[in-house]
Amino acid sequence: HLVRWLAAKSSCFEQTCELEAVDGFTFRERARMGNVLTLSAKVTHRDGGGFVAECRATSGGIPVAEGTVAVQLIPLAG
């Protein structure tokens, strides 16, 4: 969902995205009730029709999950 918001916000809410691939996603720790998660998504590769983003989740500075996702951009109205 964070990557979808990234696509929407960066296109002035004209585009969203569909998941194309997930690569190397690992879960290092369990997220437990009461944990505050910090999420980040950084675009590492871009082409005309989509992009790849490195995604991370941490809790109190401790890595919880990380990996990359590839998405295809589509019109938000669709």
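Reading the values: the criteria
Residues numbered from 1 in each chain as written. Predicted model: local features only at pLDDT ≥ 70, side-chain atom pairs only at ≥ 80, totals over all residues. Heavy atoms only, no water. Patch = residues over 30% accessible without salt bridge, like charges linked within 9 Å, V, L, I, M, F, W, Y side chains within 5 Å. Areas by Shrake-Rupley, 256 points an atom, 1.4 Å probe, with all protein chains shown as cover. Salt bridge = Lys/Arg side-chain N within 4 Å of Asp/Glu carboxyl O. Helix = DSSP H or I, 4+ residues; strand = E, 2+ residues; numbered from the N terminus. Core = buried A, V, L, I, M, F, W, Y, C linked by side-chain atoms within 4.5 Å. Buried < 20%, exposed > 50% of the residue type's maximum accessible area, 1.4 Å probe, protein only. Phe/Tyr/Trp six-rings, centres within 6.5 Å; stacked < 30°, edge-to-face > 60°.

## Topic: a nonpolar patch on the surface
So, step 1. Together, Leu19, Val22, Phe25 and Phe27 make up an exposed nonpolar region whose accessible area comes to about 450 Å².
So, step 2. Relative to the helices and strands, Phe27 resides in strand E1 (residues 15–27).

## Observations regarding the nonpolar core
So, step 1. Membership of the largest hydrophobic core is limited to 9 residues, which are Val3, Ala7, Cys17, Phe51, Ala53, Cys55, Val69, Val71 and Leu73.
So, step 2. Only helix H1 (2–10), strand E3 (50–59) and strand E4 (62–75) provide two or more residues apiece to this core.

## Considerations on the packing of aromatic side chains
So, step 1. Summed over the entire model, instances satisfying the criterion amount to 2 aromatic pairs.
So, step 2. Pairing Trp5 with Phe13 gives two aromatic rings, centres 6.1 Å apart and planes at 80 degrees, and the pair type is edge-to-face.
So, step 3. Between Phe25 and Phe27, the ring centres sit 5.6 Å apart and the planes meet at 55 degrees, which makes this aromatic pair tilted.
So, step 4. Residue Phe25 is classed as partly exposed on the basis of its relative accessible area, which comes to 34%.
So, step 5. A residue is classified by how much of its surface remains accessible, and Phe27, at 65% relative accessible area, is exposed.

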